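So the chains spell out like this:
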Amino acid sequence: MENKHLKIAILSGKGGTGKTLVSVNLASVADYAKYIDCDVEEPNGHLFFKPIGSRTKDVCVGVPRVDQSMCNGCRKCVDFCQFNALVYVGNKLKILDELCHSCGGCMLVCPKKALHETKLKIGEIVCGVSDHVAVVSGILKEGETSGVPIIRQLLGYANGQMDYTFIDCPPGSACTVMESIKVADYCVIVAEPTVFGVHNLNMVYELVKLFNKTHGVVLNKCIDGQNLAEDFCLKNKINVIGKIPFDETLGLMNSNGIIVANELDAYKKIFNSLLEKITKEIDDEAAIDLKR
Amino acid sequence: MKQLLILSGKGGTGKTTVASAFIKLAKAKAYADCDVDAPNLHLAIHHPQKPKNTEFFGMKKANIDNAICTRCGLCETHCRFDAITSVDGYKVDEYACEGCGVCRMVCPENAISLVPHVAGNLILYKSDTVFSTALLKMGSGNSGMLVSKVKKQLIEANVDSDIVIIDGSPGIGCPVIASITGVDMVLIVTEPTISGISDLKRIVKTAEIFQVKVAVCINKYDINLENTKQIEVLCDALKLPLTTGIPYDIMAVQAVNEGMTIVDVACASGSAVRKVMSETMTILNG
């Protein structure tokens, strides 16, 4: 069990099902862990960890700038840009930064070398420590459209020496989620027992299957009686690896940014056994891979 | 025709629950679900007509003809998205490719073309009321573009409605920004958790950039009254109108699970949302 460096992604499809709850509590019960918040549009893990000694690094993307005196108005760049980020109006080339995807094509296509690249800040990465957890958060600047460049940089932090790295993903099943799970050894899907929850669970389940990721479902906010999310898992033979009850005490503590596994033995047990289960599943999968 | 958009920043605060109740109460003849990543409005609002599906083409994707390719590697060198791999001939990773066309430009053999790519489905329900929604293909980009198409499809259906109600997506990024463009007002549904408050601040800042009228509604306000107080103070400081709060209500969960809205059953959250609706309309029309 030494030097395993396991990377575990936590995702959900629907927002508000408990991704951050599960991520921060799993990281807290692990001996040495890293927590990476890839939900860059709404990063909240740091509100629970309250890390100290934080260092901030800017995340920038390249955008073109034009030297108007060198531009001959040929509009090759305008024609090339698939994102319509360049327009030629009033005998001047204009650049719309918010549409630019930083592909660099306009600079390559310009026959006069009138375009060069400059850095534009789209957000930041903040690293700090909270007890035995290294906390890394990506934060997209308000008004910016794409957090994908921040997520790509964040995943560079996943290659540390920690036994466990937990990747808290954005909601949904689009490109940002896909980026976040690329490096993961295991995907934990957090689901809630509502019609909405099940519908989105189905979508994200398809995504982890598509990327061939070993996965398991944690059922959150469970109440007695019928559980729509559990029924869905049974029907589709999806592995349920844990259940978290609907509990007002948990809800209140969590809403105040308290990590419940650090305070209540019952939750320490729940998250410890969840972590053991995940570790075992990854080990089993590795053993199967070896046989192949 | 005024457009009202429901947003939240944080997911799971109750956007769809509020939007579906508003649609019922306002008897809206035009509504849309812009949460193309995880659409749910159709599970609460049942339109009588069968939907019409249209394929949504996102950005084109590069395609390499290996019969012409001479393995020079220029495409791989110039691709900034690491979308080109060279194990057993050159190949494009369709999930990483953003369709910029740089590889096609640098290829000396003209072995690369940009081909149309289906990135999702546009869905339209239309009778005397119109419901526009969509489903993004898994792992796809282009969500902002699809959101714009959902809104365009709604407007082009040309139904005479005093009000258009749009259910938005969580976050502050591209689909949210695409949904804000052109609306008359944003109602932010938040919850009294530290995450909810942090995300509320971020979505307010985003809405400010686009200079749109904003009001705030606290859902499940009674689960943490201290945090509710904090939101009230925040809204006061930012001069944001606050509507009546909606209490936590187990009946709301049951209504949703039975495919209904909270105004279809007699419950505390349903009574509260009626007040939220009338206050919102006053602000929207004010």
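Given the structure is predicted, the values throughout are model-derived calculations rather than measurements.

1. Observations concerning the domain arrangement of chain B
- The domain architecture assigned to chain B consists of domain 1 (2-55 + 136-285) and domain 2 (61-116).
- Summarising the inter-unit geometry, the C-alpha centres of domain 1 of chain B and domain 2 of chain B are found 41 Å apart.

2. Re the pairing of strand β10 (residues 215-222) of chain A
All names here are of chain A.
- β10 sits mainly inside the fold: 6 of its 8 residues count as buried.
- As defined by bridge partners, strand β9 (residues 186-191) adjoins β10 across 5 bridges and the pair is classed as parallel. Its bridge partner being in β10, Ala191 is matched across the sheet by Leu219.
- Of the crossover connections in this fold, the one passing from β9 over helix α7 (residues 195-210) to the parallel β10 is right-handed.
- With 4 bridges joining them, β10 and strand β11 (residues 240-245) adopt parallel strand pairing. The residue bridging Cys222 from the neighbouring strand is Pro245, located in β11.
- The β-α-β motif built from β10, the intervening helix α8 (residues 228-235) and the parallel element β11 has right-handed crossover chirality.

3. Description of the packing of helix α1 (residues 15-26) of chain B against helix α9 (residues 268-285) of chain B
Residue and element names in this part refer to chain B.
- At a minimum axis separation of 10 Å, α1 and α9 run at an interaxial angle of 70°. On the basis of their axis angle, the class for α1 and α9 is roughly perpendicular. Packed against α1, whose contacting residues are Val18, Ala21, Phe22, Leu25 and Ala26, the element α9 presents Val273, Arg274 and Met277 at the interface.

4. Observations concerning the nonpolar core
- Counting residues in each nonpolar core, the largest one holds 153 residues, and the members touching the most others are Ile8 and Ile189 of chain A.
- Of all the elements, α7 of chain A adds the most residues to this core, at 8 residues.
- If sequence neighbours within four positions are ignored, Ile8 of chain A has contacts with Tyr164, Phe166, Ile167, Ala184, Asp185, Tyr186, Val188 and Ile278 of chain A.
- Cys103 of chain A together with Ala83, Tyr90 and Cys97 of chain B belong to the second-largest nonpolar core, a separate cluster that totals 17 residues.

5. As for the interface of chain A and chain B
- Across the contact, 48 residues belong to chain A and 50 residues belong to chain B.
- Counting residues per element, the ones that place at least two in the side of chain A that touches chain B are α4 (105-109), α6 (175-181), α7 and α9 (248-255) of chain A.
- No other element matches the 8 residues that α7 of chain A contributes to the side of chain A that touches chain B.
- Of the residues that constitute the side of chain A that touches chain B, the class distribution is 18 nonpolar, 25 polar and 5 charged.

6. What about the packing of helix α6 (residues 194-209) of chain B against helix α7 (residues 225-237) of chain B?
All names here are of chain B.
- It is at 10 Å that the axes of α6 and α7 come closest, and there the two elements cross at 15°. Here α6 is positioned roughly parallel relative to α7, judged by the angle of their axes. You can see that α6 and α7 cross each other, and the crossing is right-handed. Judged by residue contacts, Ile194, Ile197 and Leu200 of α6 engage Asn227, Gln230 and Ile231 from α7.

7. As for the sheet that holds β11 of chain A
Residues and elements named next belong to chain A.
- As summarised here, the arrangement of the 9 strands in space is β3-β6-β7-β2-β8-β1-β9-β10-β11, forming an open sheet in which the pairing is mixed. This sheet does not close on itself; its edge strands, each paired only once, are β3 (52-66) and β11. Adjacent strand axes in the sheet meet at a mean angle of 20° when their direction is disregarded.
- Pairing analysis gives 4 bridges linking strand β1 (residues 6-11) to β9, with the strands arranged parallel. The residue bridging Ala9 from the neighbouring strand is Cys187, located in β9.
- On the sheet, helix α1 (residues 19-29) packs against β1, β2 (33-37), β7 (133-140), β8 (164-168), β9 and β10 and is oriented at approximately 165° with respect to β8.
- Each of β9, β10 and β11 touches α8; the most contacted strand, β10, lies at about 160° to it.

8. Re the environment of Tyr125 of chain B
All names here are of chain B.
- With respect to the helices, strands and loops of the structure, Tyr125 is situated in strand β8 (residues 118-126).
- Tyr125 gets classed as buried once you count the C-beta atoms within 10 Å, which come to 20.
- Here the alpha-carbon distance between Tyr125 and Ala157, two residues 32 residues apart in the chain, equals 9.7 Å.
- Other than its neighbours up to four places away in sequence, Tyr125 contacts His47, Gln49, Pro51, Val130 and Phe131.

9. Observations regarding α7 of chain A
All names here are of chain A.
- Taking 1.5 Å of rise per residue, 16 residues should cover 22 Å, and α7 covers 23 Å from first to last C-alpha, within 8% of that figure.
- Within the span of α7, buried status applies to Phe196, Gly197, Val198, Asn200, Leu201, Met203, Val204, Tyr205, Leu207 and Val208.
- Of the residues trailing α7, Asn212 is marked for its positive phi of about 60°.

10. Structural notes on the environment of Val40 of chain A
Residue and element names in this part refer to chain A.
- Residue position: Val40 is located in the loop between β2 and α2 (45-49).
- It is 29 Å that separates the C-alpha atoms of Val40 and Glu281, two residues lying 241 residues apart in sequence.
- The residues contacting Val40, other than those within four sequence positions of it, are Gly123, Gly138, Ile139, Leu140, Gly147, Ile150 and Ile151.

11. Thoughts on the pairing of strand β2 (residues 30-33) of chain B
Residues and elements named next belong to chain B.
- Alternating residues of β2 divide into Ala30 and Ala32 and Tyr31 and Asp33, and every residue in both groups is buried.
- By the bridge criterion, 3 bridges tie β2 to strand β9 (residues 130-136) in an arrangement that is parallel. By the bridge assignment, Tyr31 is partnered in β9 with Phe131.
- Here 4 bridges tie β2 to strand β10 (residues 163-167), and the two strands are oriented parallel to one another. In the strand pairing of β10, Tyr31 is matched with Ile165.

How each quantity is defined
- Counting of residues starts from 1 at the beginning of each chain's written sequence and follows it residue by residue.
- Written order decides the labels, with chains lettered from A and ligands numbered from 1.
- Thresholds applied to this predicted model are a pLDDT of at least 70 for local features of residues and 80 or more for the giving and counting of side-chain atom pairs; totals over whole chains, interfaces and linings are not thresholded and use all residues.
- Bear in mind that the domain bounds are from an automatic or database domain assignment.
- To sort residues by burial, count the other C-beta atoms lying within 10 Å of each one's C-beta; a count of 20 or more means buried, 12 or fewer means exposed, and anything in between means partly exposed. C-beta atoms are built from the backbone.
- Working definition: helices are DSSP H or I runs of at least four residues, strands are E runs of at least two. Numbering for both runs from the N terminus.
- At least two DSSP bridges between two strands are needed for those strands to be called paired.
- Seen with its strands pointing away from the viewer, a crossover is right-handed if its path from the first strand over the helix to the second goes clockwise.
- Working convention: axes come from line fits to C-alpha atoms, limited for helices to the stretch in contact. Angles between N-to-C directions cover 0 to 180 degrees.
- Reported orientations rely on four angle classes, namely roughly parallel under 35 degrees, roughly antiparallel over 145, roughly perpendicular from 65 to 115, and oblique for the rest.
- Note on contacts: each residue gets a C-beta atom placed from the backbone, and two residues are in contact if those atoms are within 7 Å.
- Only buried Ala, Val, Leu, Ile, Met, Phe, Trp, Tyr and Cys residues enter a nonpolar core, and they are joined through C-beta atoms within 7 Å.
- For this classification, Asp, Glu, Lys and Arg are treated as charged, while Ala, Val, Leu, Ile, Met, Phe, Trp, Tyr, Cys and Pro are nonpolar and the rest, including Gly, are polar.
- By convention, the crossing between two helices is left-handed when the near helix turns anticlockwise from the far helix through less than a right angle, and right-handed when the turn is clockwise.
- To estimate how far a helix should reach, multiply one less than its number of residues by 1.5 Å.

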